[in-house]
Amino acid sequence: MRLCRFGNGRLGVVDGDAVRDVTAALEALPVYRHPLPCFDVLIANLETLRPHIQALSRQAQPQPLADLKLLSPVANPGKLIAAPVNYQRHLEEVRGSADLHHDNLIPVIQRAGLFLKATSSLVGAGEGIALRKLDRRTDHEVELAFVIGKQASHVGRGDALAHVAGYCIGLDITIRGPEERSLRKSPDSYSVLGPWLVTADEIPDPGALQLALSVNGQIRQRSSTADLILGVSELIEYASSFYTLYPGDVVFTGTPEGVSPIHPGDVIVASIDGIGTMEVKVRAA
Ligand code: MN
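Small disclaimer: the values here were computed from a predicted structure and weren't measured. (Residues numbered from 1 in each chain as written. Predicted model: local features only at pLDDT ≥ 70, side-chain atom pairs only at ≥ 80, totals over all residues. Heavy atoms only, no water.)

### Quick look at the nonpolar core
Spelled out, the test is: Residues belong to one nonpolar core when they are buried, are Ala, Val, Leu, Ile, Met, Phe, Trp, Tyr or Cys, and are joined through side-chain atoms within 4.5 Å. Exposed residues in this analysis have more than 50% of their type's maximum accessible area, buried residues have under 20%, and partly exposed residues fall in between, with area computed by a 1.4 Å probe over protein chains only. An automatic or database domain assignment supplies the residue ranges for each domain. Whether two residues touch is decided by their heavy atoms; if any such pair falls within 4.5 Å, the residues are in contact.
Residues Ile129, Phe146, Leu171, Ile236, Ile268 and Ile275 are the most contacted members of the largest nonpolar core, which totals 53 residues. A domain split of this core shows at least three residues from each of domain 1 (2-71) and domain 2 (80-284). Ignoring anything within four residues of it in the chain, the contact list for isoleucine 129 reads Leu171, Ile173, Ser189, Tyr190, Val192, Ile268, Val280, Lys281, Val282 and Arg283. Judged by nonpolar contacts, the second largest core, of 27 residues, contains Leu49, Phe115, Cys168 and Phe252.

And the structure:
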């Protein structure tokens, strides 16, 4: 199942070039009072709601996907987790360029660990990227992203994939410079997730997906998740050894080589096998 959010917070099932509105399914979600839980309520209840969503989808009129403004498929993630330098050729690219490393020490991911991006940086493909710091180099990074479906703490790699709700394309937009990664990668709109969530049952092996990114029609990044240093299972094992993963937490798995600057007016097209393609426009903030 391909689940999208669009317009003013509506929920849809993607069916080819069309979306079927299933927003009514949200009425079945538990209602909370303050303080709110630190997980995404829809993702936490997705399996329970799935038959209801599918029944509503069969009755709904299809709307053309191209007419809709796509939002982040996860509305309220508790954490945006990201893997630095998780492809060997990207590690070599960063170590080889002062514009990329800025004299920061770039250790391998097993030493560097993971970092967090602000949840306020998250947008969907239809919302676009609003660049701040126009005097600084800002790069695209295309990444396989996955969404946690079940609470996970101290999970071994053998059981890890059972904790995934689904997969998306992620863009980890990055200002280059000497500051901490979490600062440079957390301005509003610098985490793009989309175009929709593909549930995990449609992607049995996340370790063999082609991914690509072009800017204004020019290919910049092309690789395969087979080249990830830590794959999805290893990332869940590693992350859940440090903190509890909750439904709706998003993990950006890292970018392959080919990162390059983006500017207002650019159009990014990113695609991953088995997920789809998304177009994201870049503007000045
Ligand atoms: Mn990244």
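### Points about the side chain of glutamate 143
Applied cut-off: Runs of E in the DSSP output that reach at least two residues are strands. Runs of H or I that reach at least four are helices, and both are numbered from the N terminus. Neither His nor the chain ends is counted toward charge; the positive residues are Lys and Arg and the negative residues Asp and Glu. By definition, a salt bridge exists where a carboxyl oxygen of Asp or Glu is found within 4 Å of a side-chain nitrogen of Lys or Arg. Any N or O atom pair separated by 3.5 Å or less is treated as a polar contact, with the protein-specific requirement of one donor-capable and one acceptor-capable atom, and with residues adjacent in sequence counted only for side-chain atom pairs.
By the secondary structure assignment, glutamate 143 is in strand S11 (residues 142-148). Salt bridges are absent for the buried glutamate 143, whose nearest opposite-charge side chain, lysine 185, sits at 5.4 Å. Engagement of the side chain of glutamate 143 in a polar contact is seen with the backbone nitrogen of glycine 254, the distance being 2.9 Å. Apart from residues lying up to four places away in sequence, glutamate 143 is in contact with Cys168, Ile169, Gly170, Asp172, Leu211, Phe252, Thr253, Gly254, Thr255 and Ile272.

### Side note on the layout of surface pockets
Selection criterion: As defined here, a cavity is a set of points on a 1 Å grid over the protein atoms alone where a 1.4 Å probe fits but cannot get out. A pocket is an open set with protein on both sides within 12 Å along at least five of seven lines, and residues line them when an atom is within 4 Å of a point. Grid points are joined across faces, edges and corners, and a volume is the space filled by probe spheres set on the points. Side-chain classes are defined by residue name, with Ala, Val, Leu, Ile, Met, Phe, Trp, Tyr, Cys and Pro counting as nonpolar, Asp, Glu, Lys and Arg as charged, and the others, Gly among them, as polar.
The calculated volume of the largest pocket comes to roughly 400 Å³. If you trace the largest pocket, you find 28 residues lining it, with Pro84, Asn104, Ile106, Arg181 and Arg184 closest to the centre. At the level of elements, helix H3 (88-95), helix H4 (98-101) and helix H7 (181-184) are the ones that each hand at least two residues to the lining of the largest pocket. The residue inventory of the lining of the largest pocket, partitioned by class, reads twelve nonpolar, seven polar and nine charged. In this structure, the second largest pocket spans a volume of roughly 320 Å³. Along its surface, the second largest pocket is lined by 15 residues, and Leu68, Leu70, Ala125, Gly126 and Glu279 are the ones closest to its centre.

### As for the pairing of strand S18 (residues 267-272)
Inclusion rule: Only strands joined by at least two bridges in the DSSP assignment are considered to pair.
Residues Ile268, Ala270 and Ile272 line the buried face of S18, whereas the alternating positions Val267, Val269 and Ser271 sit on a face that is not buried. In this sheet, strand S19 (residues 276-284) lies alongside S18 in antiparallel orientation, the contact comprising six bridges. The residue bridging valine 269 from the neighbouring strand is glutamate 279, located in S19. Taken together, S18 and the strand that follows it, S19, pair antiparallel across an intervening segment of three residues, in which glycine 274 is found at a positive phi of about 80°.

### A closer look at the sheet that holds strand S9 (residues 129-131)
Short version of the rule: Only C-alpha atoms enter the line fits that serve as axes; for helices the fit covers just the stretch in contact. Angles between N-to-C directions range over 0 to 180 degrees.
Taken in spatial order, the five strands line up as S9-S19-S18-S15-S16 in an open sheet, and their pairing is mixed. This sheet does not close on itself; its edge strands, each paired only once, are S9 and strand S16 (218-224). On average, each strand axis in the sheet is inclined to that of its neighbour by 20°, with strand direction left out of account.

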